[in-house]
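Summary of the model geometry
So the chains spell out like this:
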Amino acid sequence: MLLRDRIPPAGLLTADDITRLGVPAATVRDWVRRGRLDRAGGTARFPRYRTEDVLPLVEARAARSRQEAA
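Here the structure is a predicted model, which means the values were calculated and not measured.

**Observations concerning the overall build of the protein chain**
- Helix and strand counts for the protein chain stand at three helices and three strands.
- Ordered by position from N to C terminus, the α and β elements of the protein chain give β-α-α-β-β-α.
- Across the 70 residues that make up the protein chain, the buried fraction comes to 26%.
- Once local pairs closer than 6 in sequence are excluded, the contacts in the protein chain between residues at least 24 apart make up 56%.
- Here the protein chain has roughly 5000 Å² of accessible surface; of this, 51% comes from carbon and sulfur atoms.

Structure representation (structure tokens):
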């Protein structure tokens, strides 16, 4: 598999992309396991997720973190 095959098309994110937004990989797996985040393509090893599904989860997590810090 070439590296360019792992680059998601516009509108899709990989788990690595989501971790770069500050979300631990375990949290991403938990979202998938609990049904809060559905896979939108990719492979079993390199799933892809819709940006419009990911961003609300990331924003809610960040808001909770800010509230806990205050």
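Following the structure, the description resumes.
**What about helix H3 (residues 51–69)?**
- In a regular helix each residue adds 1.5 Å, so 19 residues correspond to 27 Å; H3 covers 27 Å between its end C-alpha atoms and thus fits that length.
- Taken together, the buried positions of H3 are Val54, Leu57 and Val58. Taken end-on, H3 shows its buried residues confined to a sector of 100°, consistent with a single buried face. Counted as exposed and oriented over 90 degrees from the buried face of H3: Glu52, Glu59, Arg66 and Gln67.
- Of the surrounding secondary structure, the elements contacted by the buried residues of H3 are strand S1 (12–14), helix H1 (15–20), helix H2 (25–33) and strand S3 (47–50).

What counts, and where the lines are drawn
Residues numbered from 1 in each chain as written. Predicted model: local features only at pLDDT ≥ 70, side-chain atom pairs only at ≥ 80, totals over all residues. Heavy atoms only, no water. Helix = DSSP H or I, 4+ residues; strand = E, 2+ residues; numbered from the N terminus. Buried < 20%, exposed > 50% of the residue type's maximum accessible area, 1.4 Å probe, protein only. Contact = heavy atoms within 4.5 Å. Areas by Shrake-Rupley, 256 points an atom, 1.4 Å probe, with all protein chains shown as cover. Expected span 1.5 Å × (residues − 1). Arc of directions from axis to C-beta.

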